Amino acid sequence: MLGSRRLAIAAVAAAVVTGVAVALIVMLPGDDTAPVTAAPTLRVVQPGAPGQSARTLSPADVAGLSAPPHNAADTAFMTKMIPHHRQALEMTALVAGRSRSAEIAQLAERIKISQQDEVALMERWLVDRREALPSPHANHVGHGELMPGMLDQSDLTRLAAAEGPAFDRLFLDYMIRHHQGAVTMVDQLYQAGGGMEPASDRLARDVNADQQIEIGRMRELLAKLAA
Amino acid sequence: MPSTPRRTIRSALAAGAAALLIAGLTPGVAHADDPDPRIGLGAGWLDAQSALSNLEHLAHLDKPPGFVNPANPGDFGFVTSDLAFTGHYAIMGNFNGFNVVDIADPAAPSVVTSVVCPGGQGDVSVHGDLLFMSVEESRARVDCGTNPTVGERFQGVRVFDISDITTPTQVAAVQLCRGSHTHSVVTDPDDPANVYVYVSGTAGVRPVATMAGCNNNPASGEDPSRWRIDVIKVPVADPAAAAVVSGPRLFADPDTGAVDGLQNAPPAPTHPSGANWGPTPITDACHDITAYPALGLAAGACEGNGILIDISDPAHPVRLDEVADPNFAYWHSATLTNDGRKVIFTDEWGGGTGARCRPTDQASWGANAVFDIVDGKMEFRSYYKLPVPQTLTENCVAHNGSLIPVPGRDIMAQAWYQGGISLVDYTDSAHPKEIAFFDRGPISATGLVLGGMWSAYWYNGAVYGSEIARGLDVFGLKPSVHLTEAEIAAARQVQLPEFNAQHQTPITWAPSFAVARARFDQLARTCTTTIDGRHNGPLTVLGVTCLDGATVNGPVAVRRGATLLAIDSTISGAVSASSAAAVHLYHSTVRGPVSVSGATGSVAVVDTTVHGPVSLSGGSTPGVEPIIADSTINGPLSCSGNSPAPINLGGANTVNGPTGGQCASLD
C-alpha cells in the first residue's frame, strides 16, 4: 500500500518537473473517508535577507532541496563524545562504597542514566548513518586521545583512592571538569562546521543543555560541601 | 432535545456507532463495550489505518515537495510544526520554512505558496500583514539560504511582510542568544502602533563568536543569557525596526533577587515512572507563553514551572504566581479559558520524540494539568491524558491545542503527536472528559519514526491538525450526545480575522438561534425531572423540569430558581414563572397565557403557539437577551423592565393582539 502511494508522489514530482500541474485525488484503502489530495505545488519562493526580495524557485530547485547532510565533524563529535560519556560512567561507578552522601549518590545515579541515554542516542545516530561505532574500550586511558575534560590515569587513581567527603569533593571537581569538557566539545563541533545537520544539531544542543544543568547542580553541591 | 434516560441510551448507541474504525472494511455496528477503535490501527506513513469519533475528516493535504524527505518521513529537517491563521489562509510552519494553505473551503485546502527558509522550529504567528517565525537551529542563515557552510548565521525571530501572501518578504531578523524555540504575539490594547513578541529560547546559548554578549554565565554571574525571556517590540508601521526591548527575569526570587528563583532541581531523583527525567524540569527558560492581553494576563509554561504573568505593561511583564508538579517533566504550553478563570498546562514528558502513552504510563504522566485561577492564584483540579494507549513506535504526549468556542462550555482541541487529536471538555475542571477524537496508526510498526499531530487548533469552523510527517488534516465537528448541533453552530458562528493559539482574544457570541438553542441543550443535560408522556393536572416545576413530547393537562407553575424546558409539547393551561432560573418553550403549544416575571436566566419562546397573552417582565439576565421568535401569539404581547430587552433574532412573531413595551417591534 505504501508502494502505491509512493508512485502517486513520484507522479506528482514528475509532473512538477515537467511543468505540468496535476491534482491527484487518490482514494486509498485503509484511510478514512476523507479524499486524499496530493496537490501540486503552485509556487515556491525563497525570501532573502531583510531588505532583499524573495526569489522564485523552479521545480528543479525544489526537487533539489535537502537538509544539510552530516559531515566529518558530526561523525567525529559522536565517536568522541561516546567514550567521553563512558568515562563519566566509570566515575559514577566509583561512588558506591566511597561516598557516604545520599546527595552524591543521587547525583551520580542521574548522571549515569542521562549519559547512558545520550550514548544510546549517539550510537543510533552513527548506526543510522552507517558510520562506525567507537571501540568499546575507547574511553580507557591509553586508548586514543584524551578528550577535553577527561581524566587521565593518575586522576582516576586518585579518585578511586579517595573516600568520604574528600571523595565527594574530588568527584564533583572532576565531574564538573568532565562536563565542561563536553560543553567545549560542542563548541568545537560548531567551530569545525558541524552541527548543521538538524539531528546532529539537536543532539549537540541537548548535550550542551544537559551538561549545563548538571554543572549548575554540582556547583551548588560543592558550595554546600565547602560550607 | 432533553435527555430522557431512554433517549440518552439511544444517543449513546448512536455515538458508539459513529466511532467507526475505518480500515477498508465494511464498518459494523459498534457496541458500547467494544474496545476503543484507536487500539490496533495498522501502521503506514501515508496509508495507516485511522479511527475517529464525533469528527468528520474533511480533508487531508500531503506535505508539498521541498518540505518532506520521502526516504525518511521523520527527517528532522522537514518536520511540520505549528499553525497560525489569517483570513482564509492557514500558515503551516516547517523546520524548512512554511507553507501558506488556502482554506477558503476547509474541505479542499490547497498550498498557495511554499516558502523555503530553513531553521526550525518554524513556529509561526501572524499580526495583520506581519508574520513571525521562530528559528533555533544552527543551520539557519539570515537570508534563508539552505547551505549552512556559507552566509550569515541566524538564530532568533524572523519578521515577514505577508501583504502579498504569494511572496512573503523578510523585513527583519532579530538575533537572540538562545534563538527562538517558540514565540508569542502580545498586543497592547492601549498601543495598536506596536506589537510585542515574547520569545522563549530553550536551546543552549549560542557561541559568543556568532553573537556578541551571549554567555553561559551561572545564575549568580553577570547578566546571564539564561533565566530570562526576550521581548521584541515591533512598530507595526516600520517592522524593520523590530528590536529587543527587554529581557524580563520572570523566574527571579522576589526576596533575594536571584534570577533562578524557581524550580532548580527536579522534585525527586527520578520521574515517578522510575525513569530518568527527560527533559529535566528545571526552570531557566519558558518553553511557551500564551498571552491574553484583554485580561492583561499570560500563562507561561516554563520547563520546571507553570507561571501566571501580568502583561498589562507588555515590555515589562511581572510574575504573579507559580506552580510546580511532581509528575511534570516539562511544562510545555498553556491555554487559558475565555473567562480567564482556568488554565491548562501540558507536560511534554519525553520531549515529544518518545512513546509516552504506553499502557503502563499513568494518566498523570505526560498529561494536561487543569487549574482554576482563584484570586490570581492557580489551584490544581485534575489531570487529563489521552484516554487510550498508543504503541511503542508512536511518539505521544500532551501537545498544542486551542479552545473550541462553544458558549457556556470549556472545550479544547488538542494534538497528541501520534496519539492523534483529542477534544476534551473541562467545563468541570475537576472532571475533564474526552468528547471526540481522531487517531492514525503508527508510521512504522517496527521502529519509532517521528510523526503525529504537532498542533490541533480550531479556526472559524473547523479543527486543523498539522501532522509532522504527513501534512495537514481538517476536521468538522459532528453532533453527538456530548455536543449538539446548536452548540456546534454557535461555535462556528465565531469568525476571527486571524488567529494565533498563543494570543487569546475574548470570544463573544452575537445572539442567534444557535446560541439560544445551545443554552437549551446545555440545560437539558441537567434535567432533574423529565416528562415525555401525559401529565394530568397542574404541574409545579422544581429543579430542572423537562417536557419532551409531553402533554400536560393543566397549568404549569415554575417556582423561584427552577427551570422549565419544553419541546414538542402541549400544555393545556397557563404557564407562569416568577423568578425562574430559565424558561424555554420550543416547538410547543400553550393553551393559556404565558407569564414570565423576574427571570434570572435565559428565556426563550421559539416556534411556539400560545393561545393567550404573553407577558415578560422584570427579567435581569446580563448578556442574555430573552428571545421571542417565530411564534404565534393569540393575544397581547407585552414586555417591560427586562434587562436586556427581548429580541426576535429576525424571526418575526405573529401576534393576534396588541404588542407593547419592549416587545413592540417583535411582530
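- Per an unreviewed UniProt entry, chain B goes by LVIVD repeat-containing protein and derives from Catellatospora coxensis.

- As annotated in an unreviewed UniProt entry, chain A carries the name Lipoprotein and comes from Catellatospora coxensis.

### Some points on the overall build of chain B
Thinking step 1. For chain B, the helix and strand inventory stands at three helices and 51 strands.
Thinking step 2. The C-alpha atoms of chain B give 27 Å as radius of gyration, which agrees with the globular expectation for 667 residues (26 Å, within 12%).
Thinking step 3. Taking the principal axes of its C-alpha atoms as reference, chain B extends roughly 85 × 55 × 50 Å.
Thinking step 4. Looking at chain B as a whole, 63% of its 667 residues are labelled buried.
Thinking step 5. For chain B, contacts bridging at least 24 residues in sequence account for 50% of all contacts bridging at least 6.
Thinking step 6. In chain B, the 36 positive side-chain charges and the 62 negative ones have mean positions that sit 6 Å from each other.

### Overview of the overall build of chain A
Thinking step 1. The helix and strand inventory of chain A stands at seven helices and four strands.
Thinking step 2. Going through the 227 residues of chain A one by one, you find that 48% of them count as buried.
Thinking step 3. A separation threshold of at least 6 residues defines the contact pool for chain A, and within that pool the share at least 24 residues apart is 71%.
Thinking step 4. Of the roughly 10,400 Å² of accessible surface on chain A, a fraction of 57% belongs to carbon and sulfur atoms.

### Details of the pairing of strand 7 (residues 110-116) of chain B
Thinking step 1. Of all seven residues in strand 7 of chain B, six are buried, a share of seventy percent or more.
Thinking step 2. Pairing between strand 3 (residues 44-46) of chain A and strand 7 of chain B: two bridges, direction parallel. When the sheet's bridge partners are listed, Val45 of chain A is paired in strand 7 of chain B with Val115 of chain B.
Thinking step 3. The pairing of strand 6 (residues 97-102) of chain B with strand 7 of chain B spans six bridges and is classified as antiparallel. In the strand pairing of strand 7 of chain B, Gly97 of chain B is matched with Val116 of chain B.

### Considering the packing of aromatic side chains
All names here are of chain B.
Thinking step 1. This structure, assessed with the given rule, holds 19 aromatic pairs over all chains.
Thinking step 2. Centre to centre, the rings of Phe76 and Phe95 are 6.0 Å apart; their planes meet at 45 degrees, and the pair counts as tilted. Residue Phe76 is located in the loop between strand 3 (55-61) and strand 4 (80-86), and its partner Phe95 is located in the loop between strand 5 (89-94) and strand 6; the two are separated by 19 residues in the primary sequence.
Thinking step 3. By relative accessible area, which is 18% here, Phe76 ends up buried.
Thinking step 4. Residue classification places Phe95 among the buried positions, given a relative accessible area of 4%.
Thinking step 5. Consider the rings of Tyr384 and Trp416, whose centres lie 6.2 Å apart with planes at 70 degrees: the pair is edge-to-face.

### Side note on the domain arrangement of chain B
All names here are of chain B.
Thinking step 1. With domains assigned, chain B is organised as domain 1 (35-499) and domain 2 (513-661).
Thinking step 2. At the junction of the two partners, domain 1 supplies 13 residues and domain 2 supplies seven residues.
Thinking step 3. In this assembly, domain 1 packs against domain 2 so that about 650 Å² is buried in total across both faces, 56% of it on carbon and sulfur atoms.
Thinking step 4. For domain 1, the biggest contributors to the area lost against domain 2 are Pro407, Ala486 and Glu487; these three give 49% of the whole.
Thinking step 5. For the pair domain 1 and domain 2, the interface holds one salt bridge.
Thinking step 6. Between Arg525 and Glu487 there is a salt bridge; the shortest N-O distance is 2.5 Å.
Thinking step 7. Connecting domain 1 to domain 2 are five residue pairs in polar contact (both at pLDDT 80 or more).

### Comments concerning the packing of helix 5 (residues 153-161) of chain A against helix 6 (residues 164-191) of chain A
Residues and elements named next belong to chain A.
Thinking step 1. At a closest axis distance of 9 Å, the pairing of helix 5 and helix 6 adopts a crossing angle of 150 degrees. Accordingly, the angle class assigned to the pair helix 5 and helix 6 is roughly antiparallel. Taken as a pair, helix 5 and helix 6 cross one another with a handedness that is left-handed. Counting all contacts with helix 5, which are made through Asp155, Arg158 and Leu159, the residues of helix 6 involved are Phe167, Leu170, Phe171, Tyr174 and Arg177.
Thinking step 2. Classifying every residue of the contact of helix 5 with helix 6 gives five nonpolar, no polar and three charged.

### Digging into the interface of chain A and chain B
Thinking step 1. Counting residues at the interface gives 55 residues for chain A, matched by 67 residues for chain B.
Thinking step 2. Counting each side, the surface lost to burial between chain A and chain B is near 5,100 Å², with a carbon and sulfur contribution of 58%.
Thinking step 3. Where Glu136 of chain B meets Arg205 of chain A, a salt bridge forms, and the shortest distance between an N and an O atom there is 3.5 Å.
Thinking step 4. Applying the counting rule to chain A against chain B returns eleven residue pairs in polar contact (both at pLDDT 80 or more).
Thinking step 5. Counting only elements with at least two residues in the side of chain A that touches chain B, the list comes to helix 1 (2-17), strand 2 (36-38), strand 3, helix 4 (102-128) and helix 7 (198-226) of chain A.

### Side note on the sheet that holds strand 49 (residues 637-640) of chain B
Residue and element names in this part refer to chain B.
Thinking step 1. Strands sit in the order 34-37-40-43-46-49-51 across an open sheet of seven strands; the sheet is parallel. Because the sheet does not close on itself, it has two edges, and the strands there are strand 34 (539-541) and strand 51 (659-661). Direction aside, neighbouring strands of the sheet carry axes that sit 10 degrees apart on average.

### Examining the packing of helix 3 (residues 72-92) of chain A against helix 7 of chain A
Axis angle and axis distance: for two packed helices, these are the angle between their axes and the distance between the axes, and together they describe the pair.
All names here are of chain A.
Thinking step 1. For the pair helix 3 and helix 7, the least separation of the axes is 11 Å and the interaxial angle reads 35 degrees. Viewed along their axes, helix 3 and helix 7 form a crossing whose handedness is left-handed. Judged by residue contacts, Asp74, Phe77, Met78, Met81 and His85 of helix 3 engage Ser200, Leu203, Ala204, Val207 and Gln211 from helix 7.
Thinking step 2. Broken down by class, the residue content of the contact of helix 3 with helix 7 amounts to six nonpolar, three polar and one charged.

### Describing the state of the cysteines
All names here are of chain B.
Thinking step 1. Under the defined criterion, the tally for this structure stands at six disulfides over all chains.
Thinking step 2. Two residues, Cys286 and Cys302, share a disulfide whose sulfurs are 2.1 Å apart. The sign of the S-S torsion, about 65 degrees, decides the handedness of the disulfide formed by Cys286 and Cys302: right-handed. Here Cys286, found in the loop between strand 15 (243-246) and strand 16 (288-292), pairs with Cys302, found in strand 17 (residues 297-302); they are 16 residues apart in sequence, far enough to count as distant. Like Cys286, the residue Cys302 is buried in the burial classification.

### So, unusual backbone geometry
All names here are of chain B.
Thinking step 1. Of note, the amide linkage connecting Gly120 to Gln121 takes the cis form, showing an omega dihedral of -5 degrees.
Thinking step 2. Checked against the element boundaries, Gln121 lands in strand 8 (residues 121-127).
Thinking step 3. With an omega of -5 degrees, the peptide bond between Ser643 and Pro644 qualifies as cis.
Thinking step 4. Mapped onto the elements of the fold, Pro644 is located in the loop between strand 49 and strand 50 (654-655).
Thinking step 5. Positive phi outside glycine occurs at Tyr417, with the angle close to 50 degrees.
Thinking step 6. Summarising the element assignment, Tyr417 is placed in the loop between strand 25 (411-415) and strand 26 (421-425).
Thinking step 7. Given the relative accessible area of 4%, Tyr417 is considered buried.
Thinking step 8. Positive phi values are uncommon outside glycine, yet Asp607 reaches one of about 50 degrees.
Thinking step 9. Within the fold, Asp607 resides in the loop between strand 44 (603-606) and strand 45 (609-610).
Thinking step 10. Here Asp607 falls in the partly exposed class, since its relative accessible area comes to 39%.

### Overview of the side chain of His183 of chain B
All names here are of chain B.
Thinking step 1. Of note, His183 is situated in strand 12 (residues 182-187).
Thinking step 2. A polar side-chain atom of His183 sits 2.9 Å from a polar atom in the side chain of Ser125.
Thinking step 3. One polar contact links His183 to Ser134, side chain to side chain, over a distance of 2.8 Å.
Thinking step 4. Excluding its chain neighbours within four sequence positions, the residues that come into contact with His183 are Asp123, Val124, Ser125, Phe132, Met133, Ser134, Val197, Tyr198, Val199 and Asp288.

Rules used in this analysis
Residues numbered from 1 in each chain as written. Chains lettered and ligands numbered in written order. Predicted model: local features only at pLDDT ≥ 70, side-chain atom pairs only at ≥ 80, totals over all residues. Heavy atoms only, no water. Helix = DSSP H or I, 4+ residues; strand = E, 2+ residues; numbered from the N terminus. Rg over C-alpha atoms; globule rule 2.2 N^0.38 Å. Buried < 20%, exposed > 50% of the residue type's maximum accessible area, 1.4 Å probe, protein only. Contact = heavy atoms within 4.5 Å. Lys, Arg positive; Asp, Glu negative; His and termini not counted. Charge placed at Lys NZ, Arg CZ, Asp CG, Glu CD. Areas by Shrake-Rupley, 256 points an atom, 1.4 Å probe, with all protein chains shown as cover. Pairing = 2+ DSSP bridges. Phe/Tyr/Trp six-rings, centres within 6.5 Å; stacked < 30°, edge-to-face > 60°. Domains from an automatic or database assignment. Buried area = accessible area lost by both parts, 1.4 Å probe. Salt bridge = Lys/Arg side-chain N within 4 Å of Asp/Glu carboxyl O. Polar contact = N/O pair within 3.5 Å; in protein donor to acceptor, adjacent residues only side chain to side chain. Axes fitted to C-alpha atoms, helices over the stretch in contact; angles between N-to-C directions. Parallel < 35°, antiparallel > 145°, perpendicular 65-115°, else oblique. Left-handed = near helix turned anticlockwise from the far one by under 90°. Nonpolar A, V, L, I, M, F, W, Y, C, P; charged D, E, K, R; others polar. Disulfide = S-S within 2.5 Å.

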